[in-house]
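Here is what each chain is made of, one letter per residue.
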Amino acid sequence: GAGVSQSPSNKVTEKGKDVELRCDPISGHTALYWYRQSLGQGLEFLIYFQGNSAPDKSGLPSDRFSAERTGGSVSTLTIQRTQQEDSAVYLCASSLGGLQPNSPLHFGNGTRLTVT
Amino acid sequence: SQQGEEDPQALSIQEGENATMNCSYKTSINNLQWYRQNSGRGLVHLILIRSNEREKHSGRLRVTLDTSKKSSSLLITASRAADTASYFCATDALNTDKLIFGTGTRLQVFP
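Everything numeric in this text was worked out from a predicted model, so none of it was measured.

J.: I'm lost on the nonpolar core in this one. Help?
T.: Soluble globular proteins: nonpolar side chains tend toward being buried together. Counting residues in hydrophobic clusters, the biggest one holds 21 residues, and the most contacted among them are M21, L32, W34, L74, I76, Y87 and L107 of chain B. Looking at this core, the elements that each hand over two or more residues are strand 2 (10-14), strand 3 (19-24), strand 4 (29-37), strand 5 (43-50), strand 7 (61-66), strand 8 (71-76), strand 9 (85-93) and strand 11 (105-110) of chain B. In terms of nonpolar packing, the next biggest core, distinct from the first, is built from 20 residues, V4, F49, L60 and A88 of chain A among them.

J.: So what exactly am I meant to see when it comes to the sheet that holds strand 6 (residues 55-58) of chain B here?
T.: Strands pair in a sheet through their backbones, by hydrogen bonds, and they do so in one of two ways: parallel or antiparallel. Residues and elements named next belong to chain B. Ordered in space as 1-3-8-7-6, the five strands form an open sheet in which the pairing is antiparallel. At either margin of the open sheet sits one strand with a lone partner, and together these are strand 1 (5-7) and strand 6. Recorded for the sheet is a direction-independent mean angle of 15 degrees between the axes of neighbouring strands. Of the pairings in the sheet, the one linking strand 3 to strand 8 comprises six bridges and is antiparallel in character. Its bridge partner being in strand 8, A19 is matched across the sheet by I76.

J.: What is the right way to read the state of the cysteines from this model?
T.: In this structure the tally under the stated criterion is two disulfides over all chains. Covalent S-S linkage joins C23 of chain A and C92 of chain A, the inter-sulfur distance amounting to 1.9 Å. What sets the handedness of the C23 of chain A and C92 of chain A disulfide is the S-S torsion sign, and at about -65 degrees it is left-handed. On the criterion of sequence distance, the pair formed by C23 of chain A in strand 3 (residues 19-24) and C92 of chain A in strand 8 (residues 88-95) is long-range, its members being 69 residues apart. Taken as a pair, C23 of chain A and C92 of chain A share a single burial class, namely buried. Here C23 of chain B pairs with C89 of chain B through a disulfide, and the sulfurs are 2.0 Å apart. Measuring handedness by torsion sign, the sulfur bridge of C23 of chain B and C89 of chain B sits at about 65 degrees and is right-handed.

J.: Which parts of the structure should I look at to understand the sheet that holds strand 7 (residues 75-79) of chain A?
T.: Residue and element names in this part refer to chain A. The strand order across the open sheet built from four strands is 1-3-7-6, with neighbouring strands paired in antiparallel fashion. Looking at which strands have only one partner, the edges of the open sheet turn out to be strand 1 (5-7) and strand 6 (65-69). Sheet twist, expressed as the mean angle between neighbouring strand axes with direction ignored, is 15 degrees.

J.: Looking at this structure, I do not really get the interface of chain B and chain A. What am I missing?
T.: Accessible area lost upon the coming together of the parts is a frequently used measure of interface size. Each side of the interface is counted separately: chain B has 22 residues, and chain A has 19 residues. Summing the contributions of chain B and of chain A, the shared interface buries around 1,600 Å²; its carbon and sulfur component is 49%. The interface formed by chain B and chain A contains one salt bridge. The partner of K98 of chain B in a salt bridge is D56 of chain A, with the nearest N and O atoms 3.4 Å apart.

About the cut-offs
- Residues numbered from 1 in each chain as written.
- Chains lettered and ligands numbered in written order.
- Predicted model: local features only at pLDDT ≥ 70, side-chain atom pairs only at ≥ 80, totals over all residues.
- Heavy atoms only, no water.
- Core = buried A, V, L, I, M, F, W, Y, C linked by side-chain atoms within 4.5 Å.
- Buried < 20%, exposed > 50% of the residue type's maximum accessible area, 1.4 Å probe, protein only.
- Helix = DSSP H or I, 4+ residues; strand = E, 2+ residues; numbered from the N terminus.
- Pairing = 2+ DSSP bridges.
- Axes fitted to C-alpha atoms, helices over the stretch in contact; angles between N-to-C directions.
- Disulfide = S-S within 2.5 Å.
- Contact = heavy atoms within 4.5 Å.
- Buried area = accessible area lost by both parts, 1.4 Å probe.
- Salt bridge = Lys/Arg side-chain N within 4 Å of Asp/Glu carboxyl O.

See the structure below:
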């Protein structure tokens, strides 16, 4: 079956513009994660959705960042008024979450965001 | 802040040699997972070890976990050039499914 799909794969935007990044998780996966990875660095946790529970937004770096997950499936990460330090690869992952505790994460290939 | 720290940051070895990567974390955990990332790609799950386990094997991979020291190691035996990638540990703190990743080890295996 299809894996986690992210779009666009690359996005170049001007400083100050808003961007939307999309993630289509694996069908049936109740948990969805967003991470940010700067060049050559580890993964920085941003936000976590689990079923119908309130999302864990503790990793969002500022109020310019927001995310939603509609119908428990597709998720959109929005960055408003982008800054150059927002340039990174944004990775989405999904898992069976509470349906199968300790289930592994399945990652998309990420969206490479460049803010000029 | 990240939960895990890994060392070394980078490791270069010859094919056939073993590669050992270490991960330390800060809080009590339910389990620890190791992932691999090829350049420009997403991460791929390798192996999971539960907090009540001390050692686990999967093919050429051997993972150990020492909860008293809050540390884990990943051993890749008889390495191959195709093992060249970055390797990350990830932990979920107690009472949460949120998975936090370490800083990663970049492994280069020369043919």
